Every structure is written in C-alpha cells, then in structure tokens.
Amino acid sequence: MIEQPNYDLLAIGHLNHDYIINIDEFADLNASQNINELQTYDGGTAANVALVAAEFVPSAFYTIVGKEFIKTEYFQKLKNHDNCLAILERIDDKTSTCFVITDNKSNQKNYIYNSALDKFLYLEVPKKYIDQAKIIHITTVPPKFALKCAEYAHKQGIKVSFDPGQNLKLYNKTQIREMLGYVDFLFGNKYEIQHLYDNLNIRVLRDYNLIMVTTNGEAGSLIEQSSSSESYFIPAFRTKAVDPTGAGDSYCGAFLAAYLEHAPLNVCGQVASAVASFVVEKHGCQTNIPTREQVVERIAE
C-alpha cells in the first residue's frame, strides 16, 4: 500500500471475498445441482480494476470493508503493494462476499452479500481522494452515491469512467441519463449496453459525448466514440479460458491505464484485451494479473 496519495486512477466501488463456483448447468427452481469446483479468491470490482491498472500507472481504490478485514491475507497483500493505494472505510460488520457461479458455457450468475456496500449511501463524497486523480472509475456502488461522485468529479474537470456491471438495473431511466451526462468512458458487456438501448431507450452515442466500450467475451470488443464516426473492433486474444469472472474489470483497468499513458484508443483496446486474456487463464480475478512486459510480449506474438 503506498503511503501518500499519488495516483492517476481512482476506482470507487466494492471489495469482497469471491467464492468461485463452477457447475455444468444451472439448476431449475426447487432442484439441486452438483458443484464441480469451489474456490475462494480476493475480488471486488474496484480492487480488481485498480490492481490491474497499477501494473502500468499509480492507482488507488476507495471502498468499504468489514471489521475483520485487517486480519486477512487480502489486507496484507494490499498493504504491501507499492503502486496501489487501498483507501478503506471500515464498518462494524462483515466484508462483502460474492458467490460467482459459472456454467460450462461461461454463463454466470452472481449472488452478493452486500453488508458493507449498502453503507455507501451514508458516506460523503470522498472529495479529497477524487481531487488527486486524473480519472475516476465508478463501479458497483448504489446509484445515488455514484451520481454524487460523478457530478463532483465532472465539475472538477476530472474524467469519469463508468461500469455499472450487475448494478445497471438498479438505475432508473432518469438516473442513468443523468449519469451519462457526467461520463467520459462507458464500459459494458453486450447485454448491458443492449439494456440501455432496448429497455431504457437510450441512444448513448447520439445523446452523449463519450467513449463507449462494449465487450463480448471471445468475440472481442468494440470501441466507439460520439465525436467520431470511426470505431475500432478489437479481437480477443486466443487463450485457454478457465474463469471469465475478472475479464471485464481487468479490461477496464488496463484500458484506462493505457489511456492515461496517452495511447490511441485502438492500442488501449489491444492492451486491455491482452491483459484480460491473462486474467481468464486462472481462477480468480487477481490471481494472474500480468506485468507490462508480459502484455507487450503477448501483443507482439
């Protein structure tokens, strides 16, 4: 954990203990299903994004943890990190826990014990931490808190990145429209972006001035921007994917880090895709984060 606030990217969102569960297929209602594999890993969207980005640029993340967290190996790992600052708000409860269930077709369902995350609603905007960043990346926090952070950063001239993930459906149409008015980067998988178009009738690139990145697993990703008719399709790197859980977070962290290093958008996408290809090769979101050198080698292959 770096001792002084000195970072380019600040991720705001959750940290949790991940239980990664692999099954053949999802059970029907009122039925049981055998588990093929069960493992516990370090996770949380904000932590995942910041730790990936820290391989390239100084990074930080702001989150809430339970009272037991300082006794965990996860805390010690963060404490000893020399390029990522973990800004932890402690509460008198357990740290959030996520159960990620993946079938043999890489479809996923997430079940989250949100003991700590609900407390975001009672926090003030972390202005002194946002002020230090060049980009803030807002992930899975309650919509009201996300909006307050985005509005503050936008007014300060700090770029705002947004990946609501599984929290997207918590936003009503008014909230998502307000949020997109503050956002410079929007990340989502094809289902989340389609939800904006189909369910909320929002035409992102027509109505807002931002960069939109749509990820689609093995089918690659698409980078589009409101200010240009030019778009970039980024193929996924071929690799043996074991666990897709951290692919989206790692893509975001790497993309924003490359952007902060002034890379063109297509190069940002290539770096992000390469990093994600490493992360999915092992179970857990933080188990196989590559170094800069490894990413450069994979792109050159």
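Refer to the preceding data block for the structure.
Undergrad: Whenever I open this one, the packing of aromatic side chains confuses me. Can you help?
TA: By convention here, two paired aromatic rings are described through the distance between centres and the angle between planes. One pass over the full model with this rule turns up nine aromatic pairs. Between F69 and F75, the aromatic rings sit 6.1 Å apart at their centres with planes inclined by 85°, giving edge-to-face as the arrangement. Their ring planes at 80° and their centres at 4.8 Å tell us that F185 and Y259 sit as a pair that is edge-to-face. Here Y259 lies in helix α8 (residues 247-260) and F185 lies in strand β10 (residues 185-189), a separation of 74 residues in the sequence. Taking the relative accessible area as the measure of exposure, F185 reaches 2% and is therefore buried. By relative accessible area, which is 24% here, Y259 ends up partly exposed. Chaining the aromatic ring pairs together yields one cluster made of F69, Y74 and F75. A cation over a ring is seen here: K109 above F26, with NZ or CZ 4.8 Å from the ring centre. Against the face of F278 rests R298, its NZ or CZ located 3.7 Å from the ring centre.

Undergrad: Would you mind showing me how to read unusual backbone geometry here?
TA: Glycine aside, the phi torsion of most residues is negative, and most peptide linkages are trans. Even without a glycine there, the phi angle at N30 is positive, about 65°. Looking at the secondary structure, you find N30 in the loop between β2 (16-22) and β3 (37-43). The class for N30 is exposed, based on a relative accessible area of 86%. Phi angles above zero are rare outside glycine, and S106 is one such case at about 70°.

Undergrad: Quick question: what am I supposed to make of the pairing of strand β1 (residues 9-12) here?
TA: Note on strand geometry: in a regular strand, side chains alternate between the two faces of the sheet. On β1, burial covers both faces: L9 and A11 on one face and L10 and I12 on the other are all buried. By the bridge criterion, four bridges tie β1 to strand β4 (residues 59-66) in an arrangement that is parallel. Note that in β4 the partner of L9 across the bridge is S59. Bridging between β1 and strand β8 (residues 135-138) involves four bridges; their strand directions are parallel. Bridging across to β8, A11 finds its partner in H137.

Undergrad: Sorry, what's going on with the nonpolar core here?
TA: Generally speaking, soluble globular proteins have nonpolar side chains that are buried together. Formed by 45 residues in total, the largest nonpolar core has its most connected members in F61 and F255. Sort the elements by how many residues they give to this core and α8 lands first, with eight residues. Residues within four places of F61 in sequence aside, it is in contact with L10, A11, L15, A46, A47, A50, L78, C84, L85, A86, I87 and L88. By size, the runner-up hydrophobic cluster in this structure holds 44 residues, among which are L123, V125, I130 and A150.

Undergrad: Whenever I open this one, the sheet that holds β10 confuses me. Can you help?
TA: Sheet strands line up and pair through hydrogen bonds in the backbone, either parallel or antiparallel. Reading across the sheet, the nine strands line up as β5-β4-β1-β8-β9-β10-β11-β12-β13 and stay open at both edges, with mixed pairing between neighbours. Of all the strands in the sheet, the pair left with one neighbour each is β5 (84-91) and β13 (228-234). Each strand axis lies, on average, 15° off the axis of its neighbour in the sheet, ignoring direction. As judged from the two bridges shared by strand β9 (residues 159-162) and β10, these two strands associate in the parallel manner. Looking across to β10, one finds that S161 is bridged to F185.

Undergrad: So what exactly am I meant to see when it comes to the environment of Y208 here?
TA: By secondary structure assignment, the location of Y208 is in the loop between α7 (204-207) and β11 (211-215). A relative accessible area of 13% places Y208 in the buried class. Setting aside chain neighbours within four positions, we find Y208 in contact with R177, L180, G181, I202 and S226. Within the local environment of Y208, its side chain forms a polar contact with the side chain of R177, the two groups lying 3.2 Å apart.

Undergrad: How do you make sense of the packing of α8 against helix α9 (residues 265-279) when you look at a structure like this?
TA: Helices that pack against each other are described as a pair by the angle of their axes relative to one another and the distance between those axes. Packing of α8 against α9 brings their axes to within 8 Å, and their N-to-C directions diverge by 145°. Considering how the two elements wind past one another, α8 and α9 form a crossing that is right-handed. Residues A247, S250, Y251, A254, F255, A258 and Y259 of α8 pack against L265, C268, G269, V271, A272, S273, V275, A276 and V279 of α9. Split into classes, the residues belonging to the contact of α8 with α9 amount to 13 nonpolar, three polar and no charged.

What counts, and at which threshold
Residues numbered from 1 in each chain as written. Predicted model: local features only at pLDDT ≥ 70, side-chain atom pairs only at ≥ 80, totals over all residues. Heavy atoms only, no water. Phe/Tyr/Trp six-rings, centres within 6.5 Å; stacked < 30°, edge-to-face > 60°. Helix = DSSP H or I, 4+ residues; strand = E, 2+ residues; numbered from the N terminus. Buried < 20%, exposed > 50% of the residue type's maximum accessible area, 1.4 Å probe, protein only. Lys NZ or Arg CZ within 6 Å of the ring centre and 35° of its normal. Pairing = 2+ DSSP bridges. Core = buried A, V, L, I, M, F, W, Y, C linked by side-chain atoms within 4.5 Å. Contact = heavy atoms within 4.5 Å. Axes fitted to C-alpha atoms, helices over the stretch in contact; angles between N-to-C directions. Polar contact = N/O pair within 3.5 Å; in protein donor to acceptor, adjacent residues only side chain to side chain. Left-handed = near helix turned anticlockwise from the far one by under 90°. Nonpolar A, V, L, I, M, F, W, Y, C, P; charged D, E, K, R; others polar.

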